[in-house]
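Understanding the architecture of this molecule
Here is what each chain is made of, one letter per residue.
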Amino acid sequence: ETGVTQTPRHLVMGMTNKKSLKCEQHLGHNAMYWYKQSAKKPLELMFVYSLEERVENNSVPSRFSPECPNSSHLFLHLHTLQPEDSALYLCASSQDAGEGTQYFGPGTRLLVL
Amino acid sequence: GDSVTQMEGPVTLSEEACLTINCTYTATGYPSLFWYVQYPGEGLQLLLKATKADDKGSNKGFEATYRKETTSFHLEKGSVQVSDSAVYFCALSDLGYKYIFGTGTRLKVLA
C-alpha cells in the first residue's frame, strides 16, 4: 500500500457515541495533520504532529482528541459530537511539519445525527 | 494574518476552452504557494507549486506563476478536458506549521 490511507471512509454516529478515525501514511514522513472540510468553508487545520509530538492545536473543541502513537499512524477520537461537526475529515502528511508538499488521504465522511 | 482568496465557483467550460482560476494571498513572510486538486470522493492531490517569486509551477498542462508584486498565483490551462472537472484549491505555506487554503473553486467541463 502506498500514500495516505484513512478508515473508515464513511461514518454515521449519534451525539452520545464514541468513535475513532484512523490515518496511516506509508511515505516515511515526520509530520501528520488533521483537517476538517465543510461545505463552502476553507479547509480548517485542526492538529499537527511532528515526530509524534503535537505542535499545533487550532482551538479545536475537546470533543475531538488526537493521538499519534508513532510517526506512521494518527487517530482522531470523537465523543459527544454535535451535528455541526458533520464534515469530511482529511488526514495529511509531509516530510517535515510546515514544509513542502502535503499528501492527503481520501478522507472520512462523518455524519452526526 | 495570512490568507488566501480564490474566485468563487462554479466555473463551467466547454472542452478545449481556456481556464483561469484567480488566487491572491496575503502573508507576513515569503510563503510557498500551491495548487491542489480534489476529484469527487477523493482527498486533495498536489497539482503544482512554487517556492519563490517568479517561479512557475506546471503539471498536466496547468501552470501558475508566483507574482510577488501582485501577490497572486493564478491557475491557467490552455485547453481543458472533461477529466479536469474537480475542485481546485489554492494554498500557501508560511512560517511555522501553517498551511492556509482557499475555499476551493469547482470546475465543470462539458463535452
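Above this text is the structure in question.
Attention in this report is confined to the structure presented alongside it.

It is worth spelling out the state of the cysteines at this point. Scanning the entire structure with this criterion turns up 2 disulfides over all chains. Each disulfide pairs two cysteine sulfurs, and for C23(A) the partner residue is C91(A), the sulfurs being separated by 1.9 Å. Taking the sign of the S-S torsion, -75 degrees for the link of C23(A) and C91(A), the bridge is left-handed. Taken together, the positions of C23(A) in strand β3 (residues 18–25) and C91(A) in strand β9 (residues 87–94) put the pair 68 residues apart, joining distant regions of the chain. Disulfide pairing places C23(B) opposite C90(B) at an S-S distance of 1.9 Å. On the S-S bond that ties C23(B) to C90(B), the torsion sits near -70 degrees, and the link is left-handed. You can see C23(B) sitting in strand β4 (residues 23–26) and its partner C90(B) sitting in strand β10 (residues 86–93), a full 67 residues away along the chain. Classification of C90(B) as buried rests on a relative accessible area of 1%. With no disulfide of its own, C68(A) has C91(A) as its nearest cysteine by sulfur position, at a separation of 9.1 Å. With a relative accessible area of 11%, C68(A) lands in the buried category. Counting only cysteine sulfurs, C23(B) is the nearest neighbor of C18(B), a cysteine outside any disulfide, at a range of 20 Å.

Moving on, we come to the pairing of β4(B). Residues and elements named next belong to chain B. Residues C23 and Y25 point to one face of β4 and are all buried, whereas T24 and T26, pointing to the other face, are not buried. In this structure, strand β1 (residues 3–6) lies alongside β4, joined through 4 bridges in antiparallel fashion. Across the sheet, the residue bridging to S3 is T26, located in β4.

With that settled, the discussion passes to the pattern of salt bridges. Under the criterion given, the structure shown has 5 salt bridges over all chains. Residue E44(A) pairs with K41(A) through a salt bridge whose shortest N-O separation is 3.6 Å. Relative accessible area serves as the criterion here: at 30%, E44(A) is assigned to the partly exposed category. Taking relative accessible area as the criterion, K41(A) reaches 41% and is therefore assigned partly exposed. Residue K52(B) pairs with D55(B) through a salt bridge whose shortest N-O separation is 3.4 Å.

Right, let's get into the sheet that holds β3(A). All names here are of chain A. Taken in spatial order, the 4 strands of this open sheet run β1-β3-β8-β7, and their pairing is antiparallel. Sheet topology places β1 (4–7) and β7 (64–70) at the edges, where each strand pairs with a single neighbour. Here the average twist between neighbouring strands, direction ignored, is 20 degrees. Here β1 runs beside β3; their pairing, made up of 4 bridges, is antiparallel.

Rules behind the numbers
Every chain's residues receive numbers from 1 upward, in the order its sequence appears when written. For this description, chains carry letters from A and ligands carry numbers from 1, given in the order in which they are written. Where totals are concerned, whole chains, interfaces and linings use all residues; where local detail is concerned, this predicted model gives features only for residues with pLDDT of at least 70, and gives and counts side-chain atom pairs only at 80 or more. With hydrogens and water stripped out, all remaining heavy atoms of the structure feed into the side-chain values. When the sulfur atoms of two cysteines come within 2.5 Å, that pair is taken as a disulfide. Comment: elements are numbered from the N terminus, with helices defined as DSSP H or I runs of at least four residues and strands as E runs of at least two. The cut-offs for exposure are 20% and 50% of the maximum accessible area for each residue type, with area from a 1.4 Å probe on protein chains only; residues under the lower value are buried, those over the upper are exposed, and the others partly exposed. When DSSP finds two or more bridges between a pair of strands, those strands are recorded as paired. When a carboxyl oxygen of Asp or Glu is within 4 Å of a side-chain nitrogen of Lys or Arg, the pair counts as a salt bridge. Helix axes use the C-alpha atoms of the stretch in contact, all axes being lines fitted to C-alpha atoms, and the angles between their N-to-C directions lie in the range 0 to 180 degrees.

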